[in-house]
Amino acid sequence: MRRIAMIGAGQAGLQLALGLQHHGYQVTLVTDRTPEQVESGRVMSTQALFHDACETERQLNLNFWDELCPPVEGIAFSVPHPELPGHKAMSFEARLDHPAYSLDQRVKFAHWQRTFAERGGQVVTQHADVTAAERLSDTHDLVLVATGKGALGQIFERDAPRSPYDVPQRHLALAYLTGVRPRSGHSAVTFNLIPGVGEVFLLPGLTRTADGAWLPYENVLIEAIPGGPLDVFGDVQDAAEQVQRMLALMATFVPWEYDRVQDAQLTDAMATLIGRVTPQVRHPVATLPSGRPVLGLGDAVVVNDPLTGQGAGSAARAAAVYLERILWQGDRPFDRSWMQDTFEDYWGYAQYVTDWTNALLGPPPPHVLGVLDAAQRHPSLAHAFVNGFNHPPQFFPWLTSPQEAAALMARHGAPSPAAQA
Ligand SMILES: Cc1cc2nc3c(=O)[nH]c(=O)nc-3n(C[C@H](O)[C@H](O)[C@H](O)COP(=O)(O)OP(=O)(O)OC[C@H]3O[C@@H](n4cnc5c(N)ncnc54)[C@H](O)[C@@H]3O)c2cc1C
């Protein structure tokens, strides 16, 4: 059986390693952290996984937490009123056709890594560099790099035409909080867009305490436009100060969310994160000093800002696409052109995630505002918009075409702004 090496044990690397193992491949997994270090480490994400991404895990029987994890049943979108504090200028909500889930990645990755080892997989705990990748390529038929935003991903060159940004477009502050009052109605990702300022998101998740008890919590993510009024986390000294600043911002900008979180507590001492992500696409094939190629996977080659909640879902999708293509390749070589084609197969989907996410980082054009406005009065349009999060290609072509946006609105019985004028 062919030997495959995976560097990186996150959503993409673990899912693909477990999938290959399931199909009888001999897989070496190289990771810089033991399961215990992952479990006791810092939170990494809000990790909302929408239905199609969850299905890729279910196909491999990796969905150990479906019965435990609180479902995210919908998305509620709001824009605060710029002049009337406490009021909304725009709001609509709709149910997802199938729930999304947010399981703390610390819990998931640690358990998946142990599962891989228990099933006979070889785990090497090491911070891999190019020399390590080279050594793996001596003894494996294929080396994959799935190190997320880690430095090893820099062996893949930036793909400039596919990467409109070269600096972070948001500064992020994340906290996992318990004691948050549930919103009325169904559970949801609450997506608060504050024009010119940033975004505030809340969504339910599940984590585990140090003594093993399951603990439902709420992810709270603030995405600040750099230099703006939400961008206040650069000098925070500790977790308590970060949470206090997050709550103060919520009281000012999204008081309906502050009402829910004002008595909340952190789930644990490592439940906060401050960060920034430069959205970029990289060329998927890198050449080692020996001349042998390696293939990139997940965030190592396509990383988007978290504001659309797609990174882990896209990593899951990439793992599923790569698995299918590895199986299909049989005993034929994993050469450079196979690697490029494999990535392009995934990019056929990921390009829409990237274009949509990058578009949302800028101010929405009038035709997009028109769709959002009409969604308030036309529940079927709100439903279509919300369910696009499960399959972002659905945002096209209307996202980039005023004519298509008008046609979309017409299909949902909403007069286009031009017809109303
Ligand atoms: C604040 C925030 C909120 C987010 N919210 C969401 C969301 O709601 N929904 C969603 O779908 N996505 C979300 N994401 C993005 C999502 O978490 C990532 O896109 C996803 O985890 C990427 O998967 P990956 O496997 O490519 O990388 P990762 O999950 O980052 O895994 C990479 C792994 O490689 C290991 N590694 C790194 N370097 C090395 C090395 N040199 N040697 C060995 N191992 C190494 C790391 O320890 C890590 O375990 C969010 C991200 C952030 C920052």
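Residues numbered from 1 in each chain as written. Predicted model: local features only at pLDDT ≥ 70, side-chain atom pairs only at ≥ 80, totals over all residues. Heavy atoms only, no water.

### Focus: the overall build of the protein chain
The following threshold applies: The helix count covers DSSP runs of H or I at least four residues long, the strand count covers runs of E at least two residues long, and both are numbered beginning at the N terminus. Atoms counted for the radius of gyration: C-alpha only. Globule rule: 2.2 Å times residue count to the power 0.38. To sort residues, take the accessible area from a 1.4 Å probe on protein chains only and compare it with the maximum for the residue type: under 20% means buried, over 50% means exposed, and anything in between is partly exposed. In this description, contact between two residues means that some pair of their heavy atoms is separated by no more than 4.5 Å. In this count, Lys and Arg are taken as positive residues and Asp and Glu as negative ones, while His and the chain termini are left out. Where a charge sits is defined by one atom per residue type, namely NZ (Lys), CZ (Arg), CG (Asp) or CD (Glu).
Looking only at helices and strands, the protein chain has 13 helices and 16 strands in total. The C-alpha radius of gyration of the protein chain comes to 22 Å, within 12% of the 22 Å expected for a compact globule of 421 residues. Principal-axis analysis of the C-alpha atoms gives the protein chain an extent of 65 × 50 × 40 Å. Split into buried and exposed, the 421 residues of the protein chain put 55% on the buried side. Counting contacts in the protein chain only where the partners sit at least 6 residues apart, residues at least 24 apart contribute 76% of the total. Distance between charge centroids for the protein chain: 2 Å, based on 30 positive and 44 negative side chains.

### Brief notes about helix 11 (residues 379-387)
Here helix 11 has its buried residues at Leu381, Ala382, Phe385, Val386 and Asn387. Tucked into the core, helix 11 has its buried residues touching strand 3 (72-80), strand 4 (88-100), helix 10 (366-375) and helix 12 (402-411).

### Let's talk about unusual backbone geometry
Cis rather than trans, the peptide bond between Phe396 and Pro397 has omega equal to 5°. In this structure, Gln47 is a non-glycine residue whose phi angle is positive, near 45°. As for its position among the elements, Gln47 is in the loop between helix 2 (35-39) and helix 3 (51-58). Look at Asn61: it is not a glycine, yet its phi comes out positive at around 55°. Mapped onto the secondary structure, Asn61 falls in the loop between helix 3 and strand 3. For Asn61, a relative accessible area of 52% puts it in the exposed group.

### Section: the sheet that holds strand 1 (residues 3-7)
The cut-off we apply is this: Here, strands pair whenever DSSP counts at least two bridges between them. Every angle, taken between N-to-C directions, lies between 0 and 180 degrees, and every axis is a line fitted to C-alpha atoms, over only the stretch in contact when it is a helix.
What the six strands build is an open sheet, ordered 5-2-1-6-15-14; its pairing is mixed. Single-partner strands in this sheet number two, and they are strand 5 (122-125) and strand 14 (285-287). Averaged over all pairs of adjacent strands, the angle between strand axes in this sheet comes to 25°, irrespective of strand direction. In this sheet, strand 2 (residues 26-31) lies alongside strand 1 in parallel orientation, the contact comprising five bridges.

### Let's talk about the site of the ligand
Spelled out, the test is: We call a residue near a given molecule or strand whenever any one of its heavy atoms falls within 4 Å of it. Polar contacts here mean pairs of N or O atoms no more than 3.5 Å apart (in protein, one a potential hydrogen donor and the other a potential acceptor; neighbouring residues in sequence count only if both atoms are side-chain atoms). Under the convention used here, a 1.4 Å probe and the Shrake-Rupley method define accessible areas, while residue burial counts only the protein chains that appear.
The local shell around the ligand holds 33 residues, among which Asp32, Ser45, Thr46, Asp299 and Ala312 are the closest. Side-chain polar atom of Gln105 to an oxygen atom of the ligand: 3.2 Å apart, as the coordinates give it. A distance of 2.9 Å separates a nitrogen atom of the ligand from a polar atom in the backbone of Ala128. For the ligand, whose unbound accessible area comes to 1,000 Å², protein coverage reaches 93%.

### A look at the pairing of strand 3
Taken across its nine residues, strand 3 has eight buried, putting it largely inside the fold. Two strands pair when backbone bridges link them, and strand 3 and strand 4 are joined in this way by eight bridges, in the antiparallel orientation. Following the sheet pairing, Val72 is matched in strand 4 by Ala100. By the bridge criterion, five bridges tie strand 3 to strand 8 (residues 188-194) in an arrangement that is parallel. Bridge assignment links Ile75 to a residue of strand 8, and that residue is Val189.

### A closer look at the side chain of Glu223
For Glu223, the location among the structural elements is in strand 10 (residues 214-224). At a separation of 3.4 Å, a polar atom in the side chain of Glu223 contacts the main-chain amide nitrogen of Leu307. Not counting the four nearest positions on each side in its chain, Glu223 is found in contact with Arg170, His171, Leu172, Val197, Gly198, Glu199, Phe201, Leu230, Asp305, Pro306 and Leu307.

### Topic: the domain arrangement of the protein chain
As a reminder, the rule being used: Just so you know, the domain bounds were taken from an automatic or database domain assignment. What counts as a salt bridge is simple: a side-chain nitrogen of Lys or Arg found within 4 Å of a carboxyl oxygen of Asp or Glu. As a working rule, the residues Ala, Val, Leu, Ile, Met, Phe, Trp, Tyr, Cys and Pro are called nonpolar, Asp, Glu, Lys and Arg charged, and the rest polar, with Gly in that last group.
One can read the domain layout of the protein chain as domain 1 (3-62 + 104-165 + 279-360), domain 2 (72-100 + 171-276) and domain 3 (364-420). A C-alpha centroid distance of 33 Å is found between domain 1 and domain 3. Of the residues lining the interface, 12 residues belong to domain 1; the matching set on domain 3 comes to eight residues. At the surface where domain 1 touches domain 3, the tally comes to zero salt bridges. One can count three residue pairs in polar contact (both at pLDDT 80 or more) joining domain 1 with domain 3. For the side of domain 1 that touches domain 3, the secondary structure elements donating two or more residues are helix 3 and helix 9 (336-361). Per-element accounting of the side of domain 1 that touches domain 3 gives the leading share, six residues, to helix 9. Broken down by class, the residue content of the side of domain 1 that touches domain 3 amounts to six nonpolar, three polar and three charged.

### Considerations on the packing of aromatic side chains
This is how it is decided: By convention, a stacked pair of Phe, Tyr or Trp rings (six-membered ring in the case of Trp) has centres within 6.5 Å and planes under 30 degrees apart, an edge-to-face pair has planes over 60 apart, and any other such pair is tilted.
Counting across every chain of the model gives 20 aromatic pairs. Judged by centre distance (5.2 Å) and plane angle (55°), the rings of Tyr352 and Phe396 are tilted. One end of the pair, Tyr352, is in helix 9; the other, Phe396, is in the loop between helix 11 and helix 12, with 44 residues separating them in the sequence. The class for Phe396 is buried, based on a relative accessible area of 17%. In textbook terms, an aromatic cluster arises when at least three aromatic residues are bridged by ring pairs, as seen for Phe50, Phe77, Phe92, Phe191, Phe201, Trp356, Phe385, Phe389, Phe395 and Trp398.

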